[in-house]
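Listed here are the chains, written in short residue letters.
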Amino acid sequence: MSSTEPSTEPEAPPGRPPAPASGTSTPAPAAAPLLPGSPAARAAGCACSVLANAAYRCGASTSPLIEPTCVVHLEPT
Ligand SMILES: [Zn+2]
């Protein structure tokens, strides 16, 4: 038995963290603000008007319409 294993494998350069596998989409941040009237906000119990906040969500308006009954955007003090 004569096994000659050539060790031509170069050493990894230091200071180089392993790159993550590409192809995976960036995970959505958990602290993402729920836009008033957005489906995600509505699913969380948002009571804000969908149509009234359509302009705000698309950037046409800078002031959202927060309903006084919304438990998502109207935090109790
Ligand atoms: Zn809301």
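Remember, predicted model here, so these are calculated numbers, not experimental data.

Describing the coordination of the zinc ion
- Bound to the zinc ion on the protein side are Cys46 (SG), Cys48 (SG), Cys70 (SG) and His73 (ND1), at distances that span 2.0 to 2.3 Å.
- Note that the zinc ion binds four donor atoms; their angles at the metal cover 103 to 114 degrees, and the shape is tetrahedral.
- Linear spacing of the donor residues for the zinc ion on their chain is C-x1-C-x21-C-x2-H. Of this pair, Cys46 sits in the loop between α1 (39–43) and α2 (54–58) while His73 sits in the segment after α2, placing them 27 residues apart in sequence.
- A relative accessible area of 5% means that Cys46 is categorised as buried.
- On the basis of relative accessibility, which here comes to 22%, the residue His73 falls in the partly exposed class.

Looking at the environment of Ile66
- In this fold, Ile66 is placed in the segment after α2.
- Sequence separation of Ile66 and Gly37 is 29 residues, and the distance between their C-alpha atoms is 9.0 Å.
- Each residue touching Ile66, except ones within four places of it in the same chain, is listed here: Pro36, Cys48, His73 and Leu74.

What counts and what doesn't
- Residues numbered from 1 in each chain as written.
- Predicted model: local features only at pLDDT ≥ 70, side-chain atom pairs only at ≥ 80, totals over all residues.
- Heavy atoms only, no water.
- Donors = N, O, S within 2.8 Å, 3.2 Å for Na, K, Ca; no water.
- Tetrahedral: all angles 85-135°; square planar, octahedral: opposite > 155°, others 65-115°.
- Helix = DSSP H or I, 4+ residues; strand = E, 2+ residues; numbered from the N terminus.
- Buried < 20%, exposed > 50% of the residue type's maximum accessible area, 1.4 Å probe, protein only.
- Contact = heavy atoms within 4.5 Å.

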